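Next come the chains, spelled out residue by residue.
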Amino acid sequence: MEKYLGKKEKYLGKKKVAIFISGRGSNLRSIIKYFRKKNSLIKIVLVISNNFDAKGLKYANKSKILNYGFRSKSKLVFENQSLKLLKKHNVDILCLAGFMKILSSNFIKKFSKPILNIHPSLLPKYKGLNTHARAIKNKDRYSGATIHKVTKKLDSGKIILQKKVKILKSDNPKSLEKKVLRIEHEIYPKAIKNFLTNL
Ligand code: GAR
């Protein structure tokens, strides 16, 4: 079917995903790789960063995915311009992947489509920052990663998928971050796929 469609309609029938990042973009990379297959019903159509120099933007570029980096530090500018882009490209879902800003409730309301986030802890434990150091300090036996829906309350929306990793006595925040990141790369693409399949 697809081969009969014109260039503009190329993505017809596919779910369109936008991704917000702030830096390194290793989760972005794993998502792009996962959905790269030609017959995938999910297409990454847009990558946006609040940080003009985000390394992840370079990977989006290399992967020929439309991408924007903002020089402006204004959250209002970022949100308003991003909303325009998301609407223009008919995005079905927005995925935050290492996006370190808190989206305003105005943005969430105006976008009106689902927003997912990945967080490096077993939510509801350790919302916010420094999750690995906090888990180690509390002598937790497990940490992990969580994919959840974004609501106006930070890191508190419905949990979509979660995976645990064991914290060893020898772990420090750096080694734990590495272990959790590996899990993140594994579960985020799957969570997006499952979520979109059931939409
Ligand atoms: C990831 O560990 C992600 O879970 C975390 O930032 C890292 C970004 O890495 N996100 C948050 O802490 C959000 N509150 P990446 O840029 O390589 O994907």
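1. As for the site of the ligand
Here's step 1: All residues in the neighbourhood of the ligand are listed as Arg24, Gly25, Ser26, Asn27, Gly98, Met100, Ile118, His119, Pro120, Leu181 and Glu184.
Here's step 2: One of the backbone nitrogen or oxygen atoms of Asn27 is found 3.0 Å away from an oxygen atom of the ligand.
Here's step 3: Of all the secondary structure elements, the ones that give two or more residues to the shell around the ligand are α1 (26–34), β5 (115–119) and α6 (173–197).
Here's step 4: Classifying every residue of the shell around the ligand by side-chain character gives four nonpolar, five polar and two charged.

2. Re the packing of α1 against α6
Here's step 1: Across the interface, α1 lies against α6 with an axial gap of 9 Å and an inter-helix angle of 45°. As summarised for this structure, α1 and α6 are arranged oblique, according to the angle between their axes. For α1 against α6, the interelement crossing comes out right-handed. Contacts from Ser26, Asn27, Ser30, Ile31 and Tyr34 of α1 reach α6 at Leu181, Glu184, His185, Tyr188, Pro189, Lys190, Ile192 and Lys193.
Here's step 2: For the contact of α1 with α6, the residue count by class is six nonpolar, four polar and three charged.

3. Some points on the sheet that holds strand β1 (residues 15–21)
Here's step 1: Taken in spatial order, the seven strands line up as β3-β2-β1-β4-β5-β6-β7 in an open sheet, and their pairing is mixed. Edge positions in the sheet fall to β3 (67–69) and β7 (159–166), since each of these pairs with one other strand and no more. Across this sheet, the average inter-strand angle for adjacent strands is 20°, counted without regard to direction.
Here's step 2: Looking at chain direction, β1 and strand β4 (residues 93–96) are connected through four bridges and run parallel. Residue pairing across strands places Phe20 opposite Leu96, the latter belonging to β4.
Here's step 3: Against the sheet, helix α2 (residues 55–62) contacts β1, β2 (42–49) and β3, and its axis sits at roughly 155° relative to β3.
Here's step 4: Each of β1, β2, β4, β5, β6 (142–149) and β7 is contacted by α6, which is oriented at about 155° to β7, the strand it contacts most.

4. Description of the pairing of β5
Here's step 1: Most of β5 sits inside the fold, with five of its five residues counted as buried.
Here's step 2: Here β5 shows no split at all, with Ile115, Asn117 and His119 on one side and Leu116 and Ile118 on the other all buried.
Here's step 3: In this fold, the crossover linking β4 to β5 by way of helix α4 (residues 105–111) has right-handed handedness.
Here's step 4: Note: β5 against β6, four bridges, orientation antiparallel. Residue pairing for β6: Asn117 is matched across the bridge by His148.

5. Observations regarding the side chain of Asp171
Here's step 1: Take Asp171: it is sitting in the loop between β7 and α6.
Here's step 2: Side-chain polar atoms of Asp171 contact the backbone nitrogen of Leu168, separated by 2.8 Å.
Here's step 3: A distance of 2.7 Å separates the side chain of Asp171 from the side chain of Ser175, its partner in a polar contact.
Here's step 4: Ignoring anything within four residues of it in the chain, the contact list for Asp171 reads Ile136, Lys166, Leu176 and Lys179.

6. A closer look at the packing of aromatic side chains
Here's step 1: Using the criterion set out here, one finds seven aromatic pairs in the structure.
Here's step 2: Ring centres 6.0 Å apart and planes at 55° place the aromatic pair Phe20 and Phe107 in the tilted group. One end of the pair, Phe20, is in strand β1; the other, Phe107, is in helix α4, and 87 residues separate them in sequence.
Here's step 3: When the centroid spacing of 5.1 Å and the interplanar angle of 70° are considered together, the rings of Phe70 and Phe78 count as edge-to-face. Per residue, the accessibility class of Phe70 equals that of Phe78, and both read buried.
Here's step 4: Through successive ring pairs, a cluster of aromatic residues spans Phe20, Phe70, Phe78, Phe99, Phe107 and Phe111.
Here's step 5: Between the NZ or CZ atom of Arg71 and the centre of the ring of Phe52, over which it lies, the distance is 3.6 Å.

7. Focus on the packing of α1 against α2
Here's step 1: Where α1 contacts α2, the axes come no closer than 9 Å and their chain directions differ by 15°. One finds that α1 runs roughly parallel with respect to α2. Crossing of α1 against α2: the hand is right-handed. In this structure, α1 contributes Leu28, Arg29, Ile32 and Lys33 to the contact, and α2 contributes Gly56, Tyr59 and Ala60.
Here's step 2: Residue classes in the contact of α1 with α2 are distributed as four nonpolar, one polar and two charged.

What counts and what doesn't
- Every chain begins its residue count from 1, and numbering advances along the sequence as written.
- Only residues with pLDDT of 70 or above have their local features reported here, since the model is predicted, and side-chain atom pairs are shown and tallied only from 80 upward, although totals for entire chains, interfaces and linings are computed over all residues.
- Side-chain metrics rest on all non-hydrogen atoms present in the structure, leaving aside hydrogens and water.
- Here, proximity means that at least one heavy atom of the residue falls within 4 Å of the molecule or strand.
- We define a polar contact as two N or O atoms separated by no more than 3.5 Å, with the added condition that, inside protein, one atom must be a possible hydrogen donor and the other a possible acceptor, whereas residues neighbouring each other in sequence contribute only through side-chain atom pairs.
- For helices the rule is a DSSP run of H or I covering at least 4 residues; for strands it is a run of E covering at least 2, with both sets numbered from the N terminus onward.
- Three classes are used: nonpolar for Ala, Val, Leu, Ile, Met, Phe, Trp, Tyr, Cys and Pro, charged for Asp, Glu, Lys and Arg, and polar for all others, with Gly counted as polar.
- Angles shown run from 0 to 180 degrees and are taken between the N-to-C directions of axes, each axis being a line fitted to C-alpha atoms and, for helices, limited to the stretch in contact.
- Here roughly perpendicular refers to angles of 65 to 115 degrees, roughly parallel to angles under 35, roughly antiparallel to angles over 145, and oblique to all remaining angles.
- If you view the pair so one helix is near and one far, a crossing is left-handed when the near helix is turned anticlockwise from the far one by less than a right angle, and right-handed when it is turned clockwise.
- Throughout, a contact is declared for two residues whenever any of their heavy atoms are within 4.5 Å.
- DSSP calls a pair of strands paired once it identifies at least 2 bridges connecting them.
- Here's how the labels work: a residue is buried when its accessible area is under 20% of the maximum for its type, exposed when over 50%, partly exposed in between, all with a 1.4 Å probe on protein chains only.
- Looking down the strands as they point away from you, a crossover is right-handed if its path from the first strand over the helix to the second goes clockwise.
- A pair of aromatic rings is counted whenever rings of Phe, Tyr or Trp (Trp by its six-membered ring) have centres within 6.5 Å, and the orientation is called stacked for planes under 30 degrees apart, edge-to-face for over 60 and tilted otherwise.
- Any Lys NZ or Arg CZ found within 6 Å of a ring centre and within 35 degrees of that ring's normal is scored as a charge over the ring.

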